[in-house]
Amino acid sequence: MLAASAERGSEHPIGGAIVLEAQTRGLKLEPVTDFQAIPGRGISSRVNGRLVRFGNQALMGDFQVSVNDLVEQASSLSAQGKTPMFLACDDRAMGLVAVADTVRPEAADAVAALRALGLEVVLLTGDTEAAAHRVSTEVGISRVLAGVRPEGKVEALETLRSSTGSVAMVGDGLNDTPALAAAELGIAIGGGTDAASAAAGITLLSDDLRAVPDAIDLARRTVATIRLNLVWAFAYNVAALPLAVSGTLAPPVAAAAMAASSLFVVGNSLRLRNITGRHG
């Protein structure tokens with residue numbers, strides 16, 4: 001109940017899941033003040049006047065809260081692919097809450113679609129190695145960077161950029177914000193935090209992960225259409241204008257050709273309306 005009450009002000013998906021579970025169990029959540037989100041660590045708040053800290057082991061270390069009695073159990077949970085969260089009240093360890101990511105049903109399809117576009121997919125997460133590899137196995141991602149703090153995600157992007165070129169970052173949480181801002185293309189998933197949406201270059205209205213490859217595919221086709229339109233327009237001007245100026249091409253014919261060129265550009269662009277995304 002303390003953990004759920006403390007998380008009431010959090011925008012993090014883990015916090016939301018804990019609050020939802022407490023409400024499902026019919027637990028009465030207590031008033032919260034002085035809420036503070038600590039990126040890459042957890043949260044700190046006061047629940048009915050009691051100082052509650054809830055997060056990873058690093059958070060406990062920051063505030064010198066002894067969790068020695070819980071470390072072995074936390075390690076066991078991590079080995080199972082779960083993420084252990086430590087709960088402390090008034091700087092005294094109270095217990096553990098284990099959480100595990102539930103893979104979205106469309107995630108594997110989204111990863112496959114990105115690969116079909118010729119993109120390398122990397123899982124970049126602050127979760128433990130075991131938890132990250134469990135998810136990556138389910139969705140078909142072979143390269144995993146786990147246990148990365150929010151500021152470390154920016155450094156990870158730099159490393160990826162040096163070996164692969166331009167990097168796109170997809171995220172929805174507060175911890176993803178620095179990386180979304182640092183990537184060449186930041187894509188925020190619909191339903192994510194306001195901070196993620198503000199930092200990203202693109203915010204998807206849908207929370208369906210298949211919208212990510214759809215957006216990239218549409219962007220590529222749009223650029224290809226723009227290039228074809230430019231080639232046609234330049235070709236027309238290079239060929240037709242000298243003929244019109246020299247008098248070889250009669251003005252009515254030149255005007256008709258100009259109109260035809262414009263119609264081609266518009267018609268070619270309208271073809272983009274026929275593109276149907278993978279999720280409808």
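The notes below deal with the structure included here. Quick caveat, the model's predicted, so the values are computed rather than measured. Per chain, the residues get numbers from 1 upward, laid out in the order the sequence is written. Totals for whole chains, interfaces and linings use all residues, but because this is a predicted model, local features are given only for residues with pLDDT of at least 70 and pairs of side-chain atoms are given and counted only at 80 or more. The side-chain figures draw on all heavy atoms in the structure; neither hydrogens nor water molecules are used.

1. Some remarks on the sheet that holds strand β8 (residues 168-171)
Strand pairing is assigned whenever DSSP detects at least two bridges linking the two strands. Only DSSP runs of H or I reaching four residues or more are called helices, and only runs of E reaching two or more are called strands; each is numbered from the N terminus. A sheet is described by the order of its strands in space; here 3 strands give the open sequence β8-β9-β10, paired in parallel fashion. Edge positions in the sheet fall to β8 and β10 (202-203), since each of these pairs with one other strand and no more. Two strands pair when backbone bridges link them, and strand β9 (residues 185-188) and β10 are joined in this way by 2 bridges, in the parallel orientation. Across the sheet, residue Ile-187 finds its bridge partner in β10, namely Ile-202.

2. Considerations on the pairing of strand β4 (residues 83-89)
β4 sits mainly inside the fold: 7 of its 7 residues count as buried. Burial of the side chains of β4 extends over both faces: Thr-83, Met-85, Leu-87 and Cys-89 are buried on one face and Pro-84, Phe-86 and Ala-88 on the other. Summarising the sheet, strand β3 (residues 50-55) and β4 pair through 4 bridges and their orientation is antiparallel. Bridge assignment links Phe-54 to a residue of β4, and that residue is Leu-87. One ladder, built from 7 bridges, connects β4 with strand β5 (residues 92-99); its direction is antiparallel. From the neighbouring strand, Cys-89 faces β5, where its bridge partner is Arg-92. Counting the residues between successive antiparallel strands, the hairpin from β4 to β5 contains 2 residues, one of them, Asp-90, with a positive phi of roughly 50°. Between buried and exposed lies partly exposed: a residue is buried under 20% and exposed over 50% of the maximum accessible area for its type, with that area taken using a 1.4 Å probe on protein chains only.

3. A look at the sheet that holds strand β2 (residues 42-47)
Pairing is antiparallel in the open sheet, where 5 strands are placed in the order β1-β2-β3-β4-β5. Each edge of the open sheet carries a strand with a single partner, namely β1 (32-38) and β5. Across the sheet, the mean angle separating the axes of adjacent strands is 15° when strand polarity is ignored. Residues are treated as being in contact if the distance between any of their heavy atoms lies within 4.5 Å. In this analysis an axis means a line fitted to C-alpha atoms, helices contributing only their contacting stretch, and an angle means the value between N-to-C directions, from 0 to 180 degrees. In this fold helix α4 (residues 68-79) packs onto β4 and β5, with an angle of close to 5° to the strand it touches most, β5.

4. Some remarks on the side chain of Arg-41
Position of Arg-41 relative to the elements: it lies in the loop between β1 and β2. Overall, Arg-41 belongs to the buried group, its relative accessible area being 16%. In this view, Arg-41 contacts Gly-55, Asn-56, Ala-58, Leu-59, Asp-62 and Arg-149; residues no more than four positions away in its chain are not counted.

5. Concerning unusual backbone geometry
In this structure, Asp-34 takes a positive phi of about 55° despite not being glycine. Here Asp-34 is to be found in strand β1. You will see that Asp-90, though not glycine, has its phi angle at about 50°, which is positive. Within the secondary structure, Asp-90 sits in the loop between β4 and β5. Looking at Asp-90, the relative accessible area reads 46%, which means it is partly exposed.

6. Things to note about α4
Compared with an ideal rise of 1.5 Å per residue, which puts 12 residues at 16 Å, α4 spans 18 Å between its outermost C-alpha atoms and is within 8% of the ideal. Inspection of α4 places Leu-70, Ala-74, Leu-77 and Ser-78 among the buried residues, and these make up the whole buried set. Looking straight down α4, one finds that the buried residues subtend no more than 95° of arc, so they occupy a single side. Structural note: α4 exposes Asn-68, Glu-72 and Ala-79 on the side pointing more than 90 degrees away from its buried face. Elements that come into contact with the buried residues of α4 comprise β4, β5 and α6 (129-139). Within two residues after α4, Gly-81 carries a phi angle of roughly 85°, on the positive side. Any helix carries an expected span of 1.5 Å times its number of residues minus one. When we speak of the arc, we mean the arc of directions from the helix axis to the C-beta atoms.

7. Things to note about a nonpolar patch on the surface
A cluster of nonpolar side chains, Ile-226, Leu-230 and Phe-234, forms an exposed patch at the surface whose accessible area comes to about 310 Å². Structurally, the position occupied by Phe-234 is in helix α10 (residues 211-246). In this structure Phe-234 comes out as exposed when scored by relative accessible area, which is 56%. Patch definition: residues with relative accessible area over 30% and no salt bridge; like charges joined within 9 Å; nonpolar side chains (Val, Leu, Ile, Met, Phe, Trp, Tyr) joined within 5 Å. The Shrake-Rupley method, run with a 1.4 Å probe, gives the accessible areas here. Residue values count only the displayed protein chains as cover. By definition, a salt bridge exists where a carboxyl oxygen of Asp or Glu is found within 4 Å of a side-chain nitrogen of Lys or Arg.

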